[in-house]
Amino acid sequence: MSDYVLRVLAKDAGVRVLAAITTGLAREAAERHAAYPIASAALAYGMTAGALLGALLKVQERVALKVDGDGRLGKMIVEADAYGRARGYIAVPDAVSGESLGREAVGDALGKSGVLTVVKDLRLRDLYRSATALEYGELDKEIEHYLNQSEQIPSRVEIGVVMDEEARSIAVCGGLLIQALPGHGHERLERLAERLDAQPPVEQLLAQGETPEQIVDRLMQGDEYLALDTTPLTFSCSCSKDRSAKALRMLDPEDQLALIAEGEAIIDCHFCHARYTFSRDELVALHEEALLERRSLEQDDTETQ
Ligand SMILES: [Zn+2]
């Protein structure tokens, strides 16, 4: 089963539901960062959280979440958009695992205290930014807390990861997000939340081969709903050699000269580990372009004065 997120609207029940399978997304994040098991599991939670928050966005909007805890994995950053594209990294991908790779162990490794920051680009003049203290040691509960507290939308989030038998890589992972529709309060959500608690965890259902459609159907228990759409989920990074060149052009001239003296520059994207190599000749060209740009800017300045 490839990765996707299903969006469902249940008007009578007063909720919207998102159900996602994110196994491939999580595996790719783990592979790209050569992550050890505990970091792979943490990235799986993070990528799934990103995919779910991304699916709440409108076209062209983007979301970034940063989990900055006091655990041995260091901070984790995930970005996602409304088109199902997500990327992420964790500061210490080679942190050593303890015995367990369960949700508590992942929570410990990320840290029990710290801050969850959510930044959204909603195509407005300013970015939307919210910071909430980490309280639960489980990422799905932290996201739920953020949605309830900061966005003030009654929400329930469940994310789960199953590791393979050798506990090295991701066997399956995914998540569910239930949100009260505008004008509906907590009561409507509670009904669904009780059902959610009564059924096996989402990762177990996915591991049994159930699809997001089947999981939503099980949750709705005969309540009418409309399946709006499904969006494929992909690990996708917006980096490119062009963007790296732009960043090099922005450096101070002295720093550019230092790179030229080294004879080569390698830019390693921390989101996806794509590497962009700039030869001495390319660096010289960039340096000269930057000088020209600077000169013409200075000229514009004197002309307008
Ligand atoms: Zn990249």
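Residues numbered from 1 in each chain as written. Predicted model: local features only at pLDDT ≥ 70, side-chain atom pairs only at ≥ 80, totals over all residues. Heavy atoms only, no water.

A. Spotlight on the packing of aromatic side chains. According to the stated counting rule, one finds one aromatic pair in the structure shown. Taken together, a centroid distance of 5.0 Å and an interplanar angle of 80° make the contact between Y89 and F271 edge-to-face. Residue Y89 is located in strand β5 (residues 85-90), and its partner F271 is located in the loop between β12 (264-268) and β13 (275-279); the two are separated by 182 residues in the primary sequence. Given a relative accessible area of 14%, Y89 falls into the buried group. (Phe/Tyr/Trp six-rings, centres within 6.5 Å; stacked < 30°, edge-to-face > 60°. Helix = DSSP H or I, 4+ residues; strand = E, 2+ residues; numbered from the N terminus. Buried < 20%, exposed > 50% of the residue type's maximum accessible area, 1.4 Å probe, protein only.)

B. Expanded view of the pairing of strand β8 (residues 155-163). Most of β8 is tucked away, with eight of its nine residues classed as buried. The sheet contact formed by β8 and strand β9 (residues 170-180) spans nine bridges and is antiparallel. Among the inter-strand pairings, V157 is bridged to a residue of β9, identified as L177. Here β8 folds back onto β9, and the loop between the two strands holds six residues, one of which, A167, carries a positive phi near 55°. (Pairing = 2+ DSSP bridges.)

C. Inspection of the pattern of salt bridges at higher detail. Taken as a whole and judged by the stated rule, the model has 19 salt bridges. Linking R62 and D121 is a salt bridge whose minimum nitrogen-to-oxygen distance equals 3.6 Å. Separated by 59 residues along the polypeptide, R62 in strand β3 (residues 62-69) and D121 in strand β6 (residues 114-121) bring together distant segments of the chain. Because the salt bridges share partners, they merge into one network encompassing R103, E138, D140 and K141. (Salt bridge = Lys/Arg side-chain N within 4 Å of Asp/Glu carboxyl O.)

D. Broad picture of the coordination of the zinc ion. In the first shell of the zinc ion, the protein supplies C237 (SG), C239 (SG), C269 (SG) and C272 (SG), at 2.2 to 2.3 Å from the metal. Seen from the zinc ion, its four donor atoms lie at angles of 101 to 114°, and the figure they make is tetrahedral. Each donor residue of the zinc ion lies on one chain, and together they are spaced C-x1-C-x29-C-x2-C. On the basis of relative accessible area, C237 is assigned to the partly exposed category, the value being 22%. (Donors = N, O, S within 2.8 Å, 3.2 Å for Na, K, Ca; no water. Tetrahedral: all angles 85-135°; square planar, octahedral: opposite > 155°, others 65-115°.)

E. Spotlight on the domain arrangement of the chain. As assigned here, the chain comprises domain 1 (4-235) and domain 2 (241-304). One C-alpha centre belongs to domain 1, the other to domain 2; they are set 38 Å apart. Roughly 580 Å² is buried in total at the junction of domain 1 and domain 2, and carbon and sulfur atoms are behind 64% of that figure. Its largest share of buried area at the contact with domain 2, domain 1 owes to R32, R87 and Y89, together 66% of the area lost on that side. The interface formed by domain 1 and domain 2 holds zero salt bridges in total. One can count three residue pairs in polar contact (both at pLDDT 80 or more) joining domain 1 with domain 2. Within the residue set of the side of domain 1 that touches domain 2, elements represented by two or more residues are β4 (76-81) and β5. The element best represented in the side of domain 1 that touches domain 2 is β5, accounting for three residues. (Domains from an automatic or database assignment. Buried area = accessible area lost by both parts, 1.4 Å probe. Polar contact = N/O pair within 3.5 Å; in protein donor to acceptor, adjacent residues only side chain to side chain.)

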